Each structure stands twice: as structure tokens, then as C-alpha cells.
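# Structure assessment
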Amino acid sequence: MNFIHDATFYIMYFASIVGVFVIVERSIYFSFTLRQSRKLEKVLKQRIRQFDDIPETVRSKNCLPLALLKEFFEGVGEVSSHNELEDLSQAIYISMRGLLVKRLWILEAIVAGAPLLGLLGTIFGIIDTFKALAESGVSDPSLVSKSIGSALYATALGIGIAVVGLTFNHRLQDRLELINDHLKILLLRAGLDIKEQK
């Protein structure tokens, strides 16, 4: 029982390290993507009719918004109506959105699983405490309190990990929605230029 109790701590420590990695990586990626989206929006205020019309300084950085526009301009030659243009925009947007939500499921799993792991660790810690009490017959209340207190630490750790993960998950979800809005704006602006051209 003591081994399982300790194992839950190691799993939670590992989950918190993975969670921090996901938070940092997605935050950096979202910031970069949002910055590039805003730059491309400014460029698309001019008349851009093909991908090569985008200035080289903006095209030099490989990013999701640029890949979205490249795929859009490559697919425009195959559309013949406004409905097909809208379908193309939606298909590209949906395919690119998967790159944004990548790894966020890990953070959501940690948020959901950490309190349960903490509770599991607490249960096994209390079982181990009562088992030791039954075997040794210790009647000192301070030893019992200390053992149960250390067992409850697992629950506290699990809830702490979940609260921190939940806070950052909500922040990342807000950034994700903001980026999605900017990607839609990019497609709409590129689509307007193409509609005017046709």
C-alpha cells in the first residue's frame, strides 16, 4: 500500500512537469501565431491576389497563418463559384485548427486526473496507516494524526495541480479563440480580394 501511495506522488509530479511543458510550449506558440496573424492582416489590407504578392519579409517566417493563406491561394484556382470559395475557406480553417489544439488534451487530462490521483494516494495512505496501527497497536494520537496528515497531502497536491492547470487551460482556450478569430479574418480578407478579382 505504501508503494502505491508513493507511486501516486511520482505520477502527479510527472504530470505537473508535463503540464508545465504544455503550458509553456502552447503559450509561446500561441503568442507567435497571434503576432504573425496580425502582421498578415495588415498586409492583406492591401490588394493581395496571390501568395507571391505577400512581402518577402512576412513570408520568411514559417507559421500557421502563412500556411493557411498559402493553401488558400493554391486552392483558389480550382473554385468557380462563391459557394466553393466559402467551402474552401472553411475546409482550410478546419484543417489548420487541429494544429492549434495540439497537446491541449494533455493539459485537460491532467486537470481531470490530478484530483483523482490525489484522492487515490490519500486512500492508500490512510489504508496503510490503519494497517500499521492494527499491527503495532499504537495508541498515540499524534502518530495517527501525522500519518493521516501525510496521506491527505496527496489530495492537496492533486487539487493544487488541477487548479493551476485549470487556470492556464482557460487562458490558453481564450488565446485559442482569439487566434481562431484572426485566422477567420485572414481568410475573409483574402476571399474578398479573390471575389473582386473574379
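This text gives an overview of the structure that appears in the document. (Residues numbered from 1 in each chain as written. Predicted model: local features only at pLDDT ≥ 70, side-chain atom pairs only at ≥ 80, totals over all residues. Heavy atoms only, no water.)

A separate point is the layout of surface pockets. When its volume is computed, the largest pocket comes out at roughly 240 Å³. For the largest pocket, the lining is made up of 12 residues, of which Leu85, Glu86, Ser89, Leu187 and Leu188 are closest to its centre. Contributing elements (two or more residues each) for the lining of the largest pocket: helix H4 (82–100) and helix H6 (141–197). Classifying every residue of the lining of the largest pocket gives six nonpolar, three polar and three charged. (1 Å grid on protein atoms, 1.4 Å probe; cavity = no way out; pocket = protein on both sides within 12 Å on 5 of 7 lines; lining within 4 Å. Points joined across faces, edges and corners; volume = space filled by probe spheres on them. Helix = DSSP H or I, 4+ residues; strand = E, 2+ residues; numbered from the N terminus. Nonpolar A, V, L, I, M, F, W, Y, C, P; charged D, E, K, R; others polar.)

A few words now on a positive patch on the surface. Taken together, the side chains of Arg35, Arg38, Lys39, Lys42, Lys45 and Lys61 make up a positively charged region of the molecular surface. Structurally, the position occupied by arginine 35 is in helix H1 (residues 2–44). (Patch = residues over 30% accessible without salt bridge, like charges linked within 9 Å, V, L, I, M, F, W, Y side chains within 5 Å. Areas by Shrake-Rupley, 256 points an atom, 1.4 Å probe, with all protein chains shown as cover. Salt bridge = Lys/Arg side-chain N within 4 Å of Asp/Glu carboxyl O. Lys, Arg positive; Asp, Glu negative; His and termini not counted. Charge placed at Lys NZ, Arg CZ, Asp CG, Glu CD.)

Let's shift gears to the side chain of serine 89. In this structure, serine 89 sits in helix H4. Setting aside anything within four residues of it in sequence, one finds serine 89 in contact with Phe72 and Leu187. (Contact = heavy atoms within 4.5 Å.)

Here we come to the packing of H1 against helix H3 (residues 64–76). Axis angle and axis distance: for two packed helices, these are the angle between their axes and the distance between the axes, and together they describe the pair. In the contact formed by H1 and H3, the axes pass within 7 Å of each other and the chain directions differ by 45°. When the axis of H1 is compared with that of H3, the two are oblique. Contact residues: Tyr29, Thr33, Gln36, Ser37, Leu40 and Leu44 in H1; Leu64, Pro65, Leu66 and Leu69 in H3. Across the contact of H1 with H3, the residue classes break down as seven nonpolar, three polar and no charged. (Axes fitted to C-alpha atoms, helices over the stretch in contact; angles between N-to-C directions. Parallel < 35°, antiparallel > 145°, perpendicular 65-115°, else oblique.)

Before going further, it helps to spend a moment on a nonpolar patch on the surface. A surface patch of nonpolar side chains, amounting to about 360 Å² of accessible area, comprises Tyr10, Tyr13 and Tyr153. Tracing the backbone shows tyrosine 10 in helix H1.

Now for helix H5 (residues 104–136). Taking 1.5 Å of rise per residue, the 33 residues of H5 would be expected to cover 48 Å, and the 48 Å separating its terminal C-alpha atoms lies within 8% of that figure. Along its length, H5 reaches its greatest deviation from straightness, about 35°, at glycine 113, and the proline proline 115 lies no more than four positions downstream. (Expected span 1.5 Å × (residues − 1). Bend = angle between axes of the 7 residues up to and from the residue.)

Let us now look at the pattern of salt bridges. If you walk through the whole model with that rule in mind, you get five salt bridges. The salt bridge partner of arginine 26 is glutamate 25, with a shortest N-O separation of 2.8 Å. Look at arginine 26 and you get buried, because its relative accessible area is 2%. Where arginine 103 meets glutamate 25, a salt bridge forms, and the shortest distance between an N and an O atom there is 3.1 Å. Here arginine 103 is found in the loop between H4 and H5, whereas its partner glutamate 25 is found in helix H1, with 78 residues between them in sequence. Accessibility expressed as a relative area gives 26% for arginine 103, which makes it partly exposed. Three or more residues are tied together by salt bridges with common partners; here these are Glu25, Arg26 and Arg103. (Buried < 20%, exposed > 50% of the residue type's maximum accessible area, 1.4 Å probe, protein only.)

Turning next to the packing of H1 against H5. Axis separation between H1 and H5 bottoms out at 9 Å; the angle between their running directions is 165°. With respect to their mutual orientation, H1 and H5 come out roughly antiparallel. Handedness of the H1/H5 crossing: left-handed. When grouped by side-chain class, the residues that make up the contact of H1 with H5 number 16 nonpolar, eight polar and two charged. (Left-handed = near helix turned anticlockwise from the far one by under 90°.)

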